[in-house]
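An overview of the molecular structure
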Amino acid sequence: MNKSLARLSYFALCLLTPFAFAIDAANITNVEVSNVSADKQIIKVTFNSAPPTPTSFSVNTPPRIAFDFANTANQTGKNVYPVNGAALRSVNVAEGTGRTRLVFNLQKQASYETSVEGNSYLITVDAAAAANTAVNSAPVRSNTQFSDAKSSSKAEGIQAIDFRRGSAGEGKVIIDLSSPNVGIDIRQQGKNLVVDFSKAGLPKNLERQLDVTDFGTPIQKIETHAQGDSVKMLIEPKGNWEYSAYQTENRFVVEVRDASANKDKAASKANYKGEKLSLNFQNVEVRTVLQVIAEFTGLNIITSDSVGGALTLRLKDVPWDQALDIILQAKGLDQRKTGNVMWIAPRDELAAKEKSELENRKQISELEPTRTEYFQLKYHKADALKTILSDEKQKILSPRGSAVIDPRTNQVVVQDIPSKLEQIRELLTKIDIPVRQVMIEARIVEAEDGFQRQLGVKLHGLYAKGDTAFGGNLTSKDYTSPGGSTFPGPAIGGNVPSVSLPAAGITGFNPGSIAMLIAGSDGILGLELSALEQDGKLKIVSSPRLVTADQVEAVIEDGQEIPYSTSSQNGATTVEFKKATLSLKVTPQITPDGSVFMDVHVNKDSRGTETINGPAINTKQIKTKVLVESGGTVVIGGIFIENSSNTITQVPLLGDIPVLGNLFKNRSNKKERRELLIFLTPRVLESDLTLR
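Residues numbered from 1 in each chain as written. Predicted model: local features only at pLDDT ≥ 70, side-chain atom pairs only at ≥ 80, totals over all residues. Heavy atoms only, no water.

By the naming in an unreviewed UniProt entry, the chain is Type IV pilus biogenesis and competence protein PilQ, taken from Deefgea piscis. For the chain, the Subunit (unreviewed entry) comment in UniProt is given as "Homododecamer. Tetramer of trimer." As recorded by UniProt, the Subcellular location (unreviewed entry) comment attached to the chain reads in full: "Cell outer membrane". (UniProt positions renumbered as here; feature names shortened; annotations may be inferred.)

**Quick look at helix α3 (residues 286-297)**
Across its twelve residues, α3 extends 17 Å between first and last C-alpha, which sits within 8% of the 16 Å expected from 1.5 Å per residue. G298 lies just past α3 and shows a positive phi near 80 degrees. (Helix = DSSP H or I, 4+ residues; strand = E, 2+ residues; numbered from the N terminus. Expected span 1.5 Å × (residues − 1).)

**Details of helix α4 (residues 320-330)**
Among all positions of α4, only W320, D321, A323, L324, I327 and L328 are buried. Within α4, the buried residues cover an arc of 155 degrees as seen down the axis, which keeps them to one side. In α4, the exposed positions angled more than 90 degrees off the buried face are occupied by Q329 and A330. Two residues or fewer past α4, G332 is found with a positive phi of approximately 70 degrees. (Buried < 20%, exposed > 50% of the residue type's maximum accessible area, 1.4 Å probe, protein only. Arc of directions from axis to C-beta.)

**Quick look at the nonpolar core**
Judged by nonpolar contacts, the single largest core of 27 residues is most densely connected at I158, V173, V195, F197, M233, F252 and V254. Ignoring anything within four residues of it in the chain, the contact list for M233 reads I161, V173, I175, L193, V194, V195, F197, I222, E223 and T224. (Core = buried A, V, L, I, M, F, W, Y, C linked by side-chain atoms within 4.5 Å. Contact = heavy atoms within 4.5 Å.)

**Re the pattern of salt bridges**
Scanning the entire structure with this criterion turns up 26 salt bridges. For R187, the salt bridge identified is with D185, shortest N-O distance 4.0 Å. Judged by relative accessible area, D185 falls into the buried class, the value being 14%. For R336, the salt bridge identified is with E354, shortest N-O distance 2.3 Å. One end of the pair, R336, is in strand β25 (residues 333-338); the other, E354, is in helix α5 (residues 347-367), with 18 residues separating them in the sequence. By relative accessible area, R336 is classed as partly exposed at 31%. Connected through shared salt-bridge partners, R64, R89, D185, R187 and D196 make up one network. (Salt bridge = Lys/Arg side-chain N within 4 Å of Asp/Glu carboxyl O.)

**A look at the packing of helix α6 (residues 382-389) against helix α7 (residues 418-431)**
At a closest axis distance of 13 Å, the pairing of α6 and α7 adopts a crossing angle of 125 degrees. By the angle between their directions, the pair α6 and α7 is classed as oblique. Judged by the sense of rotation from one axis to the other, the crossing of α6 with α7 is right-handed. Residues L385, I388 and L389 of α6 form the contact with α7, whose participating residues are I424, L427, L428 and I431. (Axes fitted to C-alpha atoms, helices over the stretch in contact; angles between N-to-C directions. Parallel < 35°, antiparallel > 145°, perpendicular 65-115°, else oblique. Left-handed = near helix turned anticlockwise from the far one by under 90°.)

Below you can see the structure in the form of structure tokens.
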């Protein structure tokens, strides 16, 4: 009976006061991501009404899960929600013509389950589950045209690339594919937008850079090039921009629009999401208008006894929550909502009541009995959690709370009021999760290429005449002058070489030689040629590798410690050791997009030449910070040294004679090249991978 009277009064008001309303399509008002663990996330999609039944599909390469909500608009004001989980990397929300698509970008394959709670659509993504197929608790139709088909033997790739300007000034990059099964990954990288087409081909005529500045869109340049068996497209926008992407059959479209132009529009949509109505009142009681809104929305509205007065208003096609806000502001009222019950009262009255409730709650917390609870930690350290709970700048425990740790069992014993214990339990679900690990492999390549050549000559002579320039081992002989006088000649003796420029040895090896002897009636001439040549190559590859947790420093060493004797001021002798090791020290940090930022120190020492004070140490090292994608390889440093020398030793004047001057020369050629390259490869490990 009461319901019939209420409906009758409602329709009577409709006849007396002409108003009309229009019902909008379902809208996504909020997207929340909750981390149950590193491998499991719950995505809560909230609508302004009952959520529609979506169609879904999944892709294996790259791993993705997508949901299409028909006749749905995106009113969240955001397009990308980063997650950085072990399986789920990010969530993209893209609004197209007549639908909104949610794309879950995964690090690896994962199963998912869906359920409906009120106006929320819950999607649970679990990478730890054994099955890779989706099991939905709510009825979901399979969209077969986007299903992941088996790869065909025919090469797949890009057939055409086009650019257009949209009606709202947005830039559209249109890519025609040879097959809808081409794997696509789109991400924002710095100020640019990167689209990767995995295992796809690109014709030579499409491998180019397009300058689209004259179109007057946020997009300035589009560069497409092949990269191995994949294709990479780099889109360069300007200003404050946002993007969305969608695929229909063999066509993939990327839209980039000005984000500042849509900011106010998105904010207005996010503020007022109610169904539209029209109101036309002349000097009507405030309570009557509130009753009309209550009948229209189905809410239970309770008005305070102090609410009164009349108002005149005319609204056309206005969301009901905006109409209510206008009425409350006009009469100095405010509202508090609990479930589907709304309490309306003057602002001062509500403020006084809330202040009284807070004071009562504080008194209750001071008198409420405390409880003791034991929290068993799985991955976190108990002493670290105690530091978090007892931080003076951000207190989590109440003034009466306390925390004690048990290092042996890695437990935290907390004594506090029940509400604080519940907050700590919720905190542990977010921070007590396994830390992701990284394997870092360094390759140190040393290469040497050397060449040496030695050429020398020895020249001996023995003469019977009195000329002692060359010496000899002959007996003396008389000398007759041109005037007829005879004098005794000088005695010539000894075996003294006239020219001695032999080739030098190389690294302990003596040169080879060829000797010739020429004898005549007046003397003997001896010639000895010596030569030695050496060509050597050396290559050393060192590859240290290690596994460490995210943001935890790790060190690995291999080598020896060399002893040195040192003397102190009092004359005592002590022995000290210096390291000559191959070492890798690194501190990795996994970024939200799956790349690895590393603080690296690589050292390559070896024992050098012996000195009077002990052996020298040859050292090579590099310290740097670098960002590398997981599985990628980067050269973090290199040294190239080239030595070349050409030395000629000769007898003055005689060595300058053409051709014959070579008998009075010694030649030494030496060339040496050394090169050092250091490569670094990080890999983010999955839960089932180990160092091999």
